[in-house]
Structure formats: C-alpha cells, structure tokens
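The chain contents come next:
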Amino acid sequence: MKKKLVALTGAGISAESGLATFRGADGLWEGHRIEEVATPEGWAANPELVLEFYNQRRAAARAAQPNAGHLALAALEQEFEVVVVTQNVDDLHERAGSSRVLHLHGKLFESRSSYFDQLVYPMDSDRIELGDLCEQGHQLRPNIVWFGEAVPMMEQAMEEASKADVFLVIGTSLQVYPAAGLVSYVPSNCPIYIIDPQQPPVSARRNLHFVLEPASTGVPRVAAELIRNA
C-alpha cells in the first residue's frame, strides 16, 4: 500500500511558470488593489473591471506551462498516493499530470452563478462578459474564492493533511489563512518539507526540513530523496 503524500502549494510554484504572484511588494496585484478585484465588495462596485481582470489572468494561465516543480510532484504518484492542495487557481498541476488536486481558492477556468453558488460551469473560452448568465438568469462570475468568502474545500484539505505520511509545503509564505493552518493538522510523526527560497514562519517540531530553493529545483531534489527512501 502506497504511503500518502500531501502537498500544499502556493503562488511561488506558479510564479516560476511566469504567472504573477498574488500580491507584489507594492501591495498591488497586476496594478490593482486587492479590494478592487478579489472581494465581494469589489465585484459589487465594478463587475466589469473584475471580469476583465480575471479574463486577463485566464489568458496568461493558458499561455503558461508547468515547470519542473509541477512535473516532479506529478511523477511522485508512481510511488505515493499524492494529494495536491493548492492555493493557486490555475490548472498547471493538472496539466503536469497530477490526478488529485484540491483548489482551495477556486478554479480560474470555471465560471459560476453570482447568485447560486452551486451552479458551476467549465469554461470553453478565456472570457466571461457582462451579460453572460447562468441557467437561472443571473450574471456569471469567476469561480474564485475571494477575501471574505468561505473556503468550501478546507474541511476536505484538513482531513487529507491529518492522514499524511509525508507533507510538502511548496512556494507559499504560510501567511494566507485558513490554508496556512493546514500544517497544524499534520500528524506529529509526519515529516514536513518546506520548499521555498524564503523560510516561512512555522512552529518548531520534529521532522521539519527546510529546503531554501525555488520549486523548480527544490521539488525534484526532495522527490528524488523520497523515492530513494520509499
């Protein structure tokens, strides 16, 4: 029976594929205040701006390619039962070959009803326009979890973390909650590998390993070690 490996991934792994990280040093995301494009209030104030912002993110994600970090994580499925819990909304993990991916913050390539949350649709194009409606006649919006909204996949992610035999943290600062709290659900005897050029704050514990490298080099190195010891 394969051991269970759970990986929490963040913006750092997508940044290496050329996608803008969630928040720059100036506090802006692609020139916009977070409140304008990633909150229910921003949507209510200017839905056209929000739609165009995500239309542009979608086009950028479509043009991006999985990097060595994504590919190494997918290859680990040969030796482990792998669950990827990602804070990213792109589909690079799936395109790299990962078969079980939980998107905590939603999916860029899905739309959903702005009124009925359960009405979710795969997207054939990269654009949602004002006037595009769900089957109940309400405006479609990106299927993204904005600030101030519930994280529907969080309970499942906590359950997966609690059953991990190996836990990886890749390209995330562990500053965005509730995702950052997943580490506290990992069993005490489970090794945790934190792969990021910057060492994020995490409580001291046994079996904690810091790999101060970007995902594209750090994940293949850790994957090779895990496969050798499997």
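Each value, and the rule that gives it
Residues numbered from 1 in each chain as written. Predicted model: local features only at pLDDT ≥ 70, side-chain atom pairs only at ≥ 80, totals over all residues. Heavy atoms only, no water. Helix = DSSP H or I, 4+ residues; strand = E, 2+ residues; numbered from the N terminus. Buried < 20%, exposed > 50% of the residue type's maximum accessible area, 1.4 Å probe, protein only. Polar contact = N/O pair within 3.5 Å; in protein donor to acceptor, adjacent residues only side chain to side chain. Contact = heavy atoms within 4.5 Å. UniProt positions renumbered as here; feature names shortened; annotations may be inferred. Pairing = 2+ DSSP bridges. Domains from an automatic or database assignment. Buried area = accessible area lost by both parts, 1.4 Å probe. Salt bridge = Lys/Arg side-chain N within 4 Å of Asp/Glu carboxyl O. Axes fitted to C-alpha atoms, helices over the stretch in contact; angles between N-to-C directions. 1 Å grid on protein atoms, 1.4 Å probe; cavity = no way out; pocket = protein on both sides within 12 Å on 5 of 7 lines; lining within 4 Å. Points joined across faces, edges and corners; volume = space filled by probe spheres on them. Nonpolar A, V, L, I, M, F, W, Y, C, P; charged D, E, K, R; others polar.

Student: It is not clear to me how the side chain of Thr-86 should be interpreted in this structure. Could you clarify?
Tutor: Turning to its location among the elements, Thr-86 is positioned in strand β4 (residues 80-86). What makes Thr-86 buried here is its relative accessible area of 0%. At 2.7 Å, the side chain of Thr-86 and the side chain of Thr-9 are in polar contact. Filtering out sequence-adjacent residues up to four positions away, Thr-86 remains in contact with Thr-9, His-93, Val-101, Leu-102, His-103, Leu-104 and His-105.

Student: Can you help me understand the UniProt feature "binding site: substrate" (unreviewed entry) in the protein in this one?
Tutor: Annotation from UniProt places "binding site: substrate" (unreviewed entry) at Tyr-54 and Arg-57. Its location among the elements puts Tyr-54 in helix α4 (residues 47-63). Among the secondary structure elements, Arg-57 is positioned in helix α4. Here the side chain of Arg-57 touches Phe-53 through a polar contact of 3.0 Å, landing on its backbone oxygen.

Student: Help me understand the pairing of strand β9 (residues 166-170), please; the structure alone is not making it clear to me.
Tutor: A regular strand carries its side chains on alternate faces of the sheet. Across the 5 residues that make up β9, a large majority, 5, are buried. The alternating pattern of β9 places Val-166, Leu-168 and Ile-170 and Phe-167 and Val-169 on opposite faces, both of which are buried. Of the strand pairs in this sheet, strand β1 (residues 3-9) and β9 are connected by 5 bridges, and their pairing is parallel. Following the sheet pairing, Val-6 is matched in β9 by Phe-167. Sheet analysis places β9 next to strand β10 (residues 192-195), joined by 4 bridges and oriented parallel. Of the residues in β10, the one forming a bridge with Val-169 is Ile-194.

Student: Teacher, can you tell me more about the domain arrangement of the protein here?
Tutor: A common measure of how large an interface is: the accessible area buried when the components associate. Structurally, the protein comprises domain 1 (1-19 + 66-105 + 151-229) and domain 2 (22-63 + 107-144). At the interface, 8 residues of domain 1 touch 9 residues of domain 2. Approximately 680 Å² of surface area, both sides summed, lies buried where domain 1 meets domain 2, with 65% of it carried by carbon and sulfur atoms. When residues of domain 1 are sorted by the area they lose upon contact with domain 2, Leu-19, Val-89 and His-105 head the list and together hold 48% of the total. Where domain 1 meets domain 2, there are 0 salt bridges. Counting across the domain 1 and domain 2 interface gives 2 residue pairs in polar contact (both at pLDDT 80 or more).

Student: So what exactly am I meant to see when it comes to the sheet that holds strand β7 (residues 120-122) here?
Tutor: The pairing of strands in a sheet comes from backbone hydrogen bonds and takes either a parallel or an antiparallel form. The strand order across the open sheet formed by 3 strands is β7-β6-β8, and the pairing between neighbours is antiparallel. Each edge of the open sheet carries a strand with a single partner, namely β7 and β8 (140-144). Taken pair by pair, the neighbouring strands of this sheet meet at an average axis angle of 45 degrees, ignoring direction. Sheet topology note: the strand β6 (residues 106-113)/β7 ladder contains 3 bridges and is antiparallel.

Student: Please explain the layout of surface pockets as it appears in this structure.
Tutor: Gaps left between atoms show up when a probe the size of a water molecule is rolled over them. In this model, the second largest pocket occupies a volume close to 390 Å³. Lining the second largest pocket are 20 residues; nearest its centre among them are Arg-112, Asn-143, Val-145, Ala-150 and Pro-152. Looking at the lining of the second largest pocket, the elements that each hand over two or more residues are β5 (101-103), β6 and β8. Examining the composition of the lining of the second largest pocket, we find that 5 residues originate from one element, β6, more than from any other. Grouping the constituent residues of the lining of the second largest pocket by class yields 9 nonpolar, 5 polar and 6 charged. A domain split of the lining of the second largest pocket shows at least three residues from each of domain 1 (1-19 + 66-105 + 151-229) and domain 2 (22-63 + 107-144).

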